[in-house]
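# Close look at the chain arrangement
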Amino acid sequence: MSVPTGRAGGSRLLRRIGAARRTPEPRPAYSRPVLLAILVIAGVLFAWDIQHSAFHAFYSETARSMSESWHAFLFGSFDPGGSITIDKLPGFLWPQALSARIFGFHPWALTLPQVIEGVLSVAVLYRAVRRWAGENAALLAAAAFALTPAIAGLFRTEVEDPAFTLCVLLAGDATLRAARGARLRPLLAAGVWVGLSFQAKMLEAWAVLPALGLLYVLSAPTVLRRRLAHLAAAGAVCVAVSASWVLLVTFTPAKDRPYIDGTTNNSAVSQVVGYNFLNRFSSVSVSAKDTGSVAVSTMAGTAPAPPTGHSRPTAGQWVKMFAPSLVSQIGWLYPAAALAAVCGVVWRRVRPRTDPLRAGFVLWGVWLVTYFLVFSAGAVGGHTYYMGVVAVPLAALFGAGMVQFWRAWVRGGRARAWALPTVVVSTVAWSAVIAELFPTYLPWLAPAAVVLGAGGLGLLSWGRRGTRTRPASGDGSSAGPGSPAGTGSASRLGTASASGPDSGSGGDAGRRRTAVLGLVTALVAMLLPSAAWASSVLDPTYGHSGMGSTGPVAIRHRTAAHHPAAHRGPATDPSDGTTGRTDTSTGHSPRHPDPSDGTAHETARKTAHQTSDETSLSPAQRQLLAYTRAHRGGATYLFATTSWRVASPYILHAGAAVLPMGGFTGTAPSPTASGFRDLVATGQLRYVVLGGPATTPGRAIGPWVRAHCDRVPGQAYQLYRCTPESAAADRSGAERR
């Protein structure tokens, strides 16, 4: 291959740079106002009633601890004393802890970062789809995303997935930018974003890598060797950023950091790989037994699950994404997205390898399939907020697909014009089926969608003659990545020009307007059911579900959480698709409970009007707190409890340095019996509160406390005072024996 030199080479290089920096076509006049309206609607859905946000069990306590100590902030300590971490990487809580530092510790201050992350996610999706498929596709994708019920619930909930969803979206946007010009810098940025999403959701973030890698290797305009080298460099960056917190913990001496929850060996690797990954896939015969993680994934105080790794896959788990509690939150556009992905690839199969539009359909299609399989094989249960990462490709495929279907309809012919009416009929019919799963909720929804869909099809059929145009190329697609699907004059909604002898007649212009009206009506019919469910967050009855759910599913989560059986019944395999489900009659408790769960402690989750001051504690709790503070005597911990659920209200409402035992599951060996006696012997701990949910460390330590410590009279709780002398005497006796 010859290398251009001299003036010719310089001119070619300048032309290449000029092409890369060429200003995109001007946006349609309606673009900015429509985008602004979508962002405003998204902000309203995410922030509505934010002042009445509820604390999230387990996460809010951790956020408070992190907001009061930079050491706790860095390591994600559940308690202010820094005894044990949260059972996940703390990256998703860093924005919440910073917000609490700035605005004070209030429920709305913990929700605000998710609202911001949500609005940014809508904007980033718009930018990514606009770069890939054009203006109209981007607007449709942004609207579909914001009006997805799971998204409306997700970005008002204090969980991991808002930050995770934003980061993977930024990774997808950067990869699309890199693939257009075979540019290494944006691809490295994509690696950074995936690494940051790892800090929020751990190995689930890496599930997006096949889609991103396939996009670049298929379409980047450079030789294969260079494409692979770029991917290797970006992969190295991704691994480095992903492993940063794990390496920090690994190389920090155990005495200088909290114990790593979810593990038996105090290892961040065990927490990430065993407890939070392999444990989720026991239904496909994956075992975490030898990884150093705890053997169960149920909440402290519930019946432990049997050892994992011995169950068999069932047919039901592979259709869990179609179960009522999930499909009503995420699945309204399943038919449209599936048809768009297939047609987007098949219709453009003869295009060059670097065709950006086809590559984008591959990206979003592989993204969707990958997470479908991951969630089908792993534990999801009632955790609707997991679905944010699925809503991204669904919305992108819907936006670009609808523009492609419209263009095929405009051009006429039988080869592809069938796609538009097919997608309208299938999506509206599917939406009606979902709506009928909840017949008492918005009973007008299914009939309204069907009527609008039929009206849209009628208008499209009537106006079709006036919208026919001759295709510009053999496959009828426009060239150029900047406007492949929505910015060219022949593809803009409502601006398709007619061709033929009567193209300038008023009748044909009227038919064109009729066709555009039919398209808009059909779009409304397809998006209305999803939007109606999403709008339920504006109703206090359905807002702040804690699981990211909307509509009647949110009510099911709350009522099941209050049902007595929800905390007495036998636990199930955490990966069988039922653990965490509170919308069924099985009565199993969630992996991380709904904030309205009244069992964590009688005052820890009072109402949606929660505050973070000590008046939220009961009189007995305030008495206990005042007594231990007055008699603390310089101890590191105010007192120890047998469970995080007993410690929760004191940490949440008072920021008290209470030492919880056993971590989230109650089975983590923190502290050990000898470690507990050392705390007492060195004066770091004086008081212990027994009772509450049983935990493994609590069962080991409780008898020693009753035998060697004095019961404090006048307290409503089993409060014991332990002295260094009692621990020293016990140690001397053990040595003599």
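Above this text you will find the structure in question.
Everything quoted here is computed from the prediction, not taken from an experiment.

### A word on the sheet that holds strand E4 (residues 710–711)
The strand order across the open sheet formed by five strands is E2-E1-E3-E5-E4, and the pairing between neighbours is mixed. Each end of this open sheet is capped by a strand with a single partner; those strands are strand E2 (658–659) and E4.

### Quick word on the packing of aromatic side chains
One pass over the structure, following the stated rule, counts 31 aromatic pairs. Ring plane angle 70 degrees and centroid distance 5.1 Å describe the contact between Phe 438 and Trp 533, whose orientation is recorded as edge-to-face. Of this pair, Phe 438 sits in the loop between helix H19 (419–436) and helix H20 (445–463) while Trp 533 sits in helix H21 (residues 506–534), and the two are 95 residues apart along the sequence. Looking at Trp 533, the relative accessible area reads 1%, which means it is buried. With 5.6 Å between their ring centres and 75 degrees between their planes, Tyr 441 and Tyr 542 make a pair best called edge-to-face. Within this pair, whereas Tyr 441 is found in the loop between H19 and H20, its partner Tyr 542 is found in the loop between H21 and helix H22 (552–562), the two being separated by 101 residues in sequence. Among the residues examined, Tyr 441 registers a relative accessible area of 11% and is labelled buried. Three or more aromatic residues joined by ring pairs form one cluster here, namely Trp 332, Phe 438, Tyr 441, Trp 533 and Tyr 542. Between Lys 201 and the ring centre of Tyr 386, over which it is positioned, the NZ or CZ distance is 4.1 Å.

### Comments concerning helix H2 (residues 31–47)
Over its 17 residues, H2 extends 24 Å from the first C-alpha to the last, a length consistent with the 24 Å expected when each residue adds 1.5 Å. Listed in full, the buried residues belonging to H2 are Ser 31, Leu 35, Ile 38, Ala 42, Gly 43, Leu 45 and Phe 46. Relative to the axis of H2, the buried residues are bounded by an arc of 165 degrees and lie together on one face. Away from its buried face by more than 90 degrees, H2 exposes Pro 33 and Leu 36. Residue Asp 49 follows H2 closely and has a positive phi angle near 60 degrees.

### As for the packing of helix H18 (residues 388–411) against H19
The geometry of H18 relative to H19 is characterised by a closest axis approach of 8 Å and an angle of 135 degrees between their N-to-C directions. Put simply, H18 runs oblique to H19. For the pair H18 and H19, the contacting residues are Met 402, Phe 405, Trp 406 and Trp 409 in the first and Ala 419, Leu 420, Pro 421 and Val 423 in the second.

### Some details on helix H25 (residues 673–681)
The complete set of buried residues in H25 reads Phe 676, Leu 679 and Val 680. For H25, the buried positions fall inside an angular range of 100 degrees around the axis, keeping them on one side.

### Things to note about a nonpolar patch on the surface
On the surface, a cluster of nonpolar side chains totalling about 430 Å² of accessible area is made up of Leu 36, Val 40, Val 44, Trp 48 and Leu 538. With respect to the element layout, Trp 48 can be found in the loop between H2 and helix H3 (59–68).

### Some details on the environment of Phe 78
Structurally, the position occupied by Phe 78 is in the loop between helix H4 (70–75) and helix H5 (94–103). The class of Phe 78 is buried, set by a relative accessible area of 1%. Put simply, Phe 78 and Tyr 59 are 19 residues apart on the chain and 8.0 Å apart in space, counted from C-alpha to C-alpha.

### Focus on the side chain of Lys 201
Mapped onto the secondary structure, Lys 201 falls in helix H10 (residues 184–201). With relative accessibility at 7%, the residue Lys 201 sits in the buried group. At a separation of 3.0 Å, a polar atom in the side chain of Lys 201 contacts the side chain of Glu 204. Dropping the residues within four chain positions of it, Lys 201 is found in contact with Glu 160, Asp 161, Phe 164 and Tyr 386.

### Comments concerning the pairing of strand E5 (residues 718–721)
Where strand E3 (residues 687–690) meets E5, four bridges bridge the pair, whose relative direction is antiparallel. Looking across to E5, one finds that Val 689 is bridged to Leu 719. Alignment of E4 against E5, held across two bridges, turns out to be antiparallel. Its bridge partner lying in E5, Arg 711 is registered against Tyr 720. Taking the residues between adjacent antiparallel strands as the criterion, E4 and E5 are bridged by six residues, where Gly 714 takes a positive phi near 80 degrees.

### Here's the deal with the state of the cysteines
Applying the stated criterion across every chain yields a total of one disulfide. Put simply, Cys 709 and Cys 722 are joined by a disulfide, and their sulfur atoms are 2.0 Å apart. When the S-S torsion is 105 degrees, as for the bridge of Cys 709 with Cys 722, the disulfide is right-handed. Of this pair, Cys 709 sits in the loop between helix H26 (696–708) and E4 while Cys 722 is found in the loop between E5 and helix H27 (724–736), placing the two residues 13 residues apart along the sequence.

Cut-off values and rules
- Position labels on residues start from 1 in each chain and follow its written sequence.
- Totals for whole chains, interfaces and linings use every residue, but because this is a predicted model, local features are given only for residues with pLDDT of at least 70 and side-chain atom pairs only at 80 or more, for both listing and counting.
- Note that water and hydrogens are dropped before the side-chain values are worked out from all heavy atoms of the structure.
- Two strands qualify as a pair provided DSSP detects at least 2 bridges between them.
- Under the scheme used here, helices are H or I runs from DSSP no shorter than 4 residues and strands are E runs no shorter than 2 residues, and both carry numbers assigned from the N terminus.
- Two aromatic rings from Phe, Tyr or Trp, using only the six-membered ring of Trp, form a pair when their centres are within 6.5 Å; if the ring planes differ by under 30 degrees the pair is stacked, by over 60 it is edge-to-face, and anything between is tilted.
- A 1.4 Å probe rolled over the protein chains alone gives each residue an accessible area, and that area as a share of the maximum for its type sets the label: buried under 20%, exposed over 50%, partly exposed in between.
- We call a charge positioned over a ring when the NZ of a Lys or the CZ of an Arg lies within 6 Å of the ring centre and within 35 degrees of the ring normal.
- In this scheme, a helix's expected span is set at 1.5 Å multiplied by one less than its residue total.
- Working note: the arc is built from the helix axis to C-beta atom directions.
- Between N-to-C directions, angles cover 0 to 180 degrees, with each direction set by a line fitted to C-alpha atoms, over the stretch in contact for helices.
- Our angle categories are set so that under 35 degrees counts as roughly parallel, over 145 as roughly antiparallel, 65 to 115 as roughly perpendicular, and the remainder as oblique.
- Residues are treated as being in contact if the distance between any of their heavy atoms lies within 4.5 Å.
- Every patch collects residues that have over 30% relative accessible area and no salt bridge, joining them within 9 Å if they carry like charges and within 5 Å if they are nonpolar side chains (Val, Leu, Ile, Met, Phe, Trp, Tyr).
- Only the protein chains shown count as cover for residues, with accessible areas throughout obtained via the Shrake-Rupley method and a probe of 1.4 Å.
- Whenever a carboxyl oxygen of Asp or Glu lies within 4 Å of a side-chain nitrogen of Lys or Arg, that contact is scored as a salt bridge.
- As used in this structure description, the phrase polar contact means that two N or O atoms lie within 3.5 Å; if the pair is within protein, one of them must be able to donate a hydrogen and the other to accept it, and residues adjacent in sequence are counted only when both atoms belong to side chains.
- Any two cysteine sulfur atoms lying within 2.5 Å of each other are counted as a disulfide.

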